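Take a look at the letters that make up each chain.
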Amino acid sequence: MRDLILFPRKTRFWWRPSMTTSFLNGERAVVVFFICRILYSLTFSLLSHGLALSLLALASFSLDISFDSSNSPSLFRTRPGASSGILLGAVTLPSLLLSKLVQLSREFSLAQLHLEEIQYLTLQYWATSASACSVVLFLAFARRRRAPSSPSHWGVRFSLCSIFFQALVSVAALATTSQIGLHPALKLMWALCHGLASVKLIQHFLRTFPSCASIGETFLVTSGIVLYFGDMLLLTIKKLHGLLMSSELVTAEYEISRSEISIIIQGLVLGLLLYPIALKYILQIWEWFISTASAEARRYCEIGRSLMFVASLGIVLILIVPSWMQFVHEFRMHPFFWVLSFVFSEPSKRLTLCIYWVCIICVSVLRFYNISKNSKIERILLRKYYHLMAVSMFLPALIFQPKFLDLAFGAALAIFLTLEIIRVWRIWPLGHPINQFMNAFTDHRDSDLLIVSHFSLLLGCALPIWMSTGYNDRPLAPFAGILSLGIGDTMASMVGHKYGVLRWSKTGSTAAGITSVLAACSLLLPLLASTGYILTQHWFSLLLAVTVSGLLEAYTTQLDNAFIPLFFYSLLCL
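Given the structure is predicted, the values throughout are model-derived calculations rather than measurements.

> Break down helix H20 (residues 560–573) for me, with residues and values.
Helix length check: H20, at 14 residues, gives a terminal C-alpha distance of 20 Å against a target of 20 Å (1.5 Å per residue), a fit within 8%. Here H20 lies mainly inside the structure; 13 of its 14 residues are buried.

Below you can see the structure in the form of structure tokens.
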């Protein structure tokens, strides 16, 4: 919380945080150890990648301190009660991709992987690093312009120097290595486009959704969306190259295989993320039309607005997005019918799983909603019941039907996005009831403008599973989100709430979370072995991964559902 402190300086009011920020607090210490663990695991061929990550960490570390220790007015309206989170937001995705490169290097040495897949992931790593560096550079210049005489200005200067050297390393690496047949100039342009897109997007998010997220949380979302969209864009360019045969952007070396499920999820999610841009103009045109209509026609404004929403959303999901999917991938039928064919290919298992999910959701949601309205149970404990519900839903499916679970996660994310669009735009007749229902489960990290908790829980469980598609020599890696959020975070919160009056509550809750995850792993590993998995996870590395993730949950003020699964997954890949 921040206290308002008044200073008579040119009749302006200035505020500063009520608490000073230490140089190495708990969150920064955990992130530094996390980065050191990744750097320790690097092979010789990945040293340049590690050097770039180190320089990025130094730049974001100094800028993080500068933001949190500043006595000047805030640059952005961020979520109250949270630190800037710049260090955590900047290094999470590059560290994740570097951990995946370490894992793929092991697979390549065992002849389990084609070189093109490593090359493509390397290109993604440098693109994500460019995104992170560009955003750090933007924040540093914004900080310097807002408070040029601040005592913490040294952090901005050090950050700029680190970014300069990181850019040199990145340019040298992109210019001297061969990745999926791209010309060095095109590789640099591709990374630069990611950086510019990230800067524009984070500016848009911070301006459009004030007080909804910290800088670090916005940082993570921005980098993830740009990387996800860039991946689909590159697939589209590859397809255009195959049709036109005139572009030198991508050569025949780029033949990364993609499953139908991944293309469907990617097209659906990106289509729904881009849809509000079109919806804004559609509704503006409709409101202009209504304003010029007769008084009798204005009575049906809400109904017409809803019909416009349904019609435009149907065009996007039935015509435009499936056409995009079919363009980038050879579907033998409409993607919607492909999904139906996939579900009914094993009806006894998949339909039974769907019925099981529907029953759990209906019973749990109605029960918890009634409790939230009529009970004095604290909302944080009520939300943890949903974490346990996620374990009961996703764990059996991940063991016995992992491909179907991939598709189910994509469908659930699409439904969440659609409901959030309806809630934000107040589309009649569901907008107001959905808003009332969602507000029954919000906490201090949500706002009426944007509710993100359910997204973070779903993506926290889904991302480790999606990223483990294909050959995976770490059988616990896909379970990173379910274990860390469904079991570890839940147990830590319950113990912390029960013994919150004691001075050792944080230590006790962290120990409870770590112990519960280790116990779940000890039960899960024999079960995975019985289903045919080859166990290669060492207990020491597992203990280290669980401990670091548990400490991050204890010390971070960021949205833990978003960061903890990615940290845990990255460490499990090493």
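Here the narrative resumes.
> Which residues make up empty space enclosed by the protein, and what are the values?
Going through the model one piece at a time under the given rule, you end up with 2 cavities of 30 Å³ or more. If you add up the space inside the largest cavity, you get close to 120 Å³. Along the wall of the largest cavity there are 15 residues; nearest its centre are Ser 484, Gly 488, Val 517, Ser 549 and Gly 550. Secondary-structure elements contributing two or more residues to the lining of the largest cavity are helix H17 (480–498), helix H18 (505–530), helix H19 (539–555) and H20. When residues of the lining of the largest cavity are assigned to their parent elements, the largest contribution, 5 residues, is made by H18. Residues that form the lining of the largest cavity fall into these classes: 6 nonpolar, 7 polar and 2 charged.

> Break down helix H2 (residues 47–68) for me, with residues and values.
Between its first and last C-alpha, H2 extends 31 Å over 22 residues, near the 32 Å set by a 1.5 Å rise per residue. Within H2, 17 of the 22 residues are buried, leaving the element largely enclosed by the surrounding structure.

> Hey, could you go over the confidence of the model for the protein for me, with residue numbers and the actual values?
Confidence in the prediction of the protein, expressed as mean pLDDT, is 81, and 81% of residues score 70 or more. Looking across the protein, the model is least confident in strand E1 (residues 2–3), with a mean pLDDT of 36, and most confident in helix H1 (residues 26–40), with 94. Predicted confidence is poor over residues 246–254, with pLDDT under 50, and the contacts of this stretch with residues over four places away or in other chains come to 20 contacts.

> A description of the environment of Glu 420 should follow, citing residues and the corresponding values.
On the secondary structure map, Glu 420 appears in helix H14 (residues 402–425). Taking relative accessible area as the criterion, Glu 420 reaches 8% and is therefore assigned buried. Measuring from C-alpha to C-alpha, the distance between Glu 420 and Ile 451 comes to 7.9 Å, with 31 residues separating the pair along the chain. With near-sequence residues (within four places) excluded, Glu 420 lies in contact with Leu 449, Leu 450, Ile 451, His 454 and Phe 455.

> Describe the nonpolar core, and please don't skip the residues or the numbers.
In terms of nonpolar packing, the biggest core is built from 123 residues, with Phe 394, Phe 409 and Leu 483 touching the most fellow members. Two domains each donate at least three residues to this core, and these are domain 1 (26–245) and domain 2 (368–400 + 441–573). In this structure, Phe 394 is in contact with Leu 405, Phe 409, Leu 458, Cys 461 and Ile 482, ignoring residues within four places of it in sequence. Core analysis: the next-biggest nonpolar cluster, separate from the first, contains 24 residues, Ala 90, Val 135, Val 136 and Phe 138 among them.

> Help me get a handle on the pattern of salt bridges, residues and values and all.
A complete count under the given rule lists 8 salt bridges for this structure. A salt bridge links Arg 106 to Asp 473, with the shortest nitrogen-to-oxygen separation between them at 3.0 Å. Separated by 367 residues along the polypeptide, Arg 106 in helix H3 (residues 86–109) and Asp 473 in the loop between helix H16 (453–467) and H17 bring together distant segments of the chain. Judged by its relative accessible area of 11%, Asp 473 falls in the buried class. It is possible to trace a salt-bridge network through shared partners that takes in Arg 28, Asp 64 and Asp 68.

What counts as what
- Residues numbered from 1 in each chain as written.
- Predicted model: local features only at pLDDT ≥ 70, side-chain atom pairs only at ≥ 80, totals over all residues.
- Heavy atoms only, no water.
- Helix = DSSP H or I, 4+ residues; strand = E, 2+ residues; numbered from the N terminus.
- Expected span 1.5 Å × (residues − 1).
- Buried < 20%, exposed > 50% of the residue type's maximum accessible area, 1.4 Å probe, protein only.
- 1 Å grid on protein atoms, 1.4 Å probe; cavity = no way out; pocket = protein on both sides within 12 Å on 5 of 7 lines; lining within 4 Å.
- Points joined across faces, edges and corners; volume = space filled by probe spheres on them.
- Nonpolar A, V, L, I, M, F, W, Y, C, P; charged D, E, K, R; others polar.
- pLDDT = per-residue confidence, 0-100.
- Contact = heavy atoms within 4.5 Å.
- Core = buried A, V, L, I, M, F, W, Y, C linked by side-chain atoms within 4.5 Å.
- Domains from an automatic or database assignment.
- Salt bridge = Lys/Arg side-chain N within 4 Å of Asp/Glu carboxyl O.

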